[in-house]
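# Secondary and tertiary structure notes
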Amino acid sequence: SATWVDFSRDGQWAAYIDRQGGDLWRTKSDGTERVQLTFPPMDVELPRWSPDGKWIAFTGKMPGKPWKIHLISPEGGSPQQLIPGEAHEGAPTWSPAGNSIVFGNVLCEASGTCAIRCFDLSTRQLSTLPGSEGLRTARWSPDGRYVAAIEPKQQALMLFDSRTQKWVKL
């Protein structure tokens, strides 16, 4: 019983959240070689394989703490929190080259901090996509040119073009 399933680019592996325990698991696509990657009391959602298959990014939360993006090796080990601070982060999506992760803040309406953020893994720099204030739930296009996000008040799907640096409503 699984939810939030994501497959590696080569289709050989799957990462998923076990519905019963809420933990992150990795398995071969045929269901063999299962490895539990996270353990209670961490809540886990939205695993995403890196393009090279060397990492799984996910959103995790310890009791009393904010939702944060973590990285873990598909072989196991300790999850590494990506960005310090108390901002709630959600839905990590890898750039096609695997050098950046784009995401939207979650639980941000009250603080007015909703925006689409990009974390550069090589420089460890966090930036905000221009004009993304108020948007949530980012997803990168496979070619890396676009980022899709949701404007929650109007339930509008927005698309950011990295070449023009502009958002359009779809």
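Below is a short write-up of the structure. Given the structure is predicted, the values throughout are model-derived calculations rather than measurements.

### Side note on the sheet that holds strand β1 (residues 2-7)
- Reading across the sheet, the four strands line up as β1-β2-β3-β4 and stay open at both edges, with antiparallel pairing between neighbours. Among the strands making up the open sheet, the edge pair consists of β1 and β4 (35-36).
- Here two bridges tie strand β3 (residues 24-28) to β4, and the two strands are oriented antiparallel to one another. Residue pairing across strands places Arg26 opposite Val35, the latter belonging to β4.

### Quick notes on the side chain of Thr27
- Of note, Thr27 is situated in strand β3.
- A polar atom in the side chain of Thr27 sits 2.9 Å from the backbone oxygen of Thr32.
- Setting aside anything within four residues of it in sequence, one finds Thr27 in contact with Gln12, Trp13, Ala14, Tyr16, Thr32, Glu33 and Arg34.

### Quick word on the sheet that holds strand β10 (residues 100-105)
- Read across the sheet, four strands follow the order β9-β10-β11-β12 without closing on themselves; strand pairing throughout is antiparallel. Here the strands that pair on one side only, and so sit at the sheet edges, are β9 (89-94) and β12 (125-128). For this sheet the average axis-to-axis angle between neighbouring strands, irrespective of direction, equals 25°.
- Pairing between β9 and β10: four bridges, direction antiparallel.

### A look at the side chain of Asp18
- Here Asp18 is to be found in strand β2 (residues 13-18).
- For the buried Asp18, which has no salt bridge, the nearest side chain bearing the opposite charge is Arg34, at an N-O separation of 5.2 Å.
- In this structure the side chain of Asp18 is engaged in a polar contact, spanning 2.9 Å, whose partner is the backbone nitrogen of Gln20.
- With residues up to four places along the chain from it excluded, the contact list for Asp18 reads Ser1, Asp23 and Trp25.

### Here's the deal with the nonpolar core
- Residues Val102, Ile116, Leu129, Leu135, Val147 and Trp167 are the most contacted members of the largest nonpolar core, which totals 13 residues.
- Contributing elements (two or more residues each) for this core: β11 (116-120), β13 (136-140), β14 (146-151) and β15 (156-161).
- Of all the elements, β15 adds the most residues to this core, at three residues.
- Other than its neighbours up to four places away in sequence, Leu129 contacts Val102, Ile116, Cys118, Val147, Phe160 and Trp167.

### Description of the packing of aromatic side chains
- Using the criterion set out here, one finds one aromatic pair in the structure.
- Ring centres of Phe160 and Trp167 lie 5.1 Å apart, and the angle between their planes is 45°; on these two criteria the pair is classed as tilted. Here Phe160 and Trp167 have matching classes, each one buried.
- Positioned above the aromatic ring of Trp13 is the side chain of Lys28, whose terminal nitrogen or guanidinium carbon lies 5.0 Å from the ring centre.
- The aromatic ring of Trp25 is capped on one face by Arg34, whose charged end is 4.1 Å from the ring centroid.

### So, unusual backbone geometry
- The step from Pro40 to Pro41 runs through a cis peptide bond, and the omega angle for that step is 15°.
- With respect to the helices, strands and loops of the structure, Pro41 is situated in the loop between β4 and β5 (43-49).
- The phi torsion at Leu46 lies on the positive side, around 55°, for a residue other than glycine.
- With respect to the helices and strands, the residue Leu46 is situated in strand β5.
- Unlike most non-glycine residues, Arg124 shows phi in positive territory, near 65°.
- Looking at where Arg124 falls in the secondary structure, it is placed in the loop between β11 and β12.

Calculation criteria
Residues numbered from 1 in each chain as written. Predicted model: local features only at pLDDT ≥ 70, side-chain atom pairs only at ≥ 80, totals over all residues. Heavy atoms only, no water. Pairing = 2+ DSSP bridges. Helix = DSSP H or I, 4+ residues; strand = E, 2+ residues; numbered from the N terminus. Polar contact = N/O pair within 3.5 Å; in protein donor to acceptor, adjacent residues only side chain to side chain. Contact = heavy atoms within 4.5 Å. Axes fitted to C-alpha atoms, helices over the stretch in contact; angles between N-to-C directions. Buried < 20%, exposed > 50% of the residue type's maximum accessible area, 1.4 Å probe, protein only. Lys, Arg positive; Asp, Glu negative; His and termini not counted. Salt bridge = Lys/Arg side-chain N within 4 Å of Asp/Glu carboxyl O. Core = buried A, V, L, I, M, F, W, Y, C linked by side-chain atoms within 4.5 Å. Phe/Tyr/Trp six-rings, centres within 6.5 Å; stacked < 30°, edge-to-face > 60°. Lys NZ or Arg CZ within 6 Å of the ring centre and 35° of its normal.

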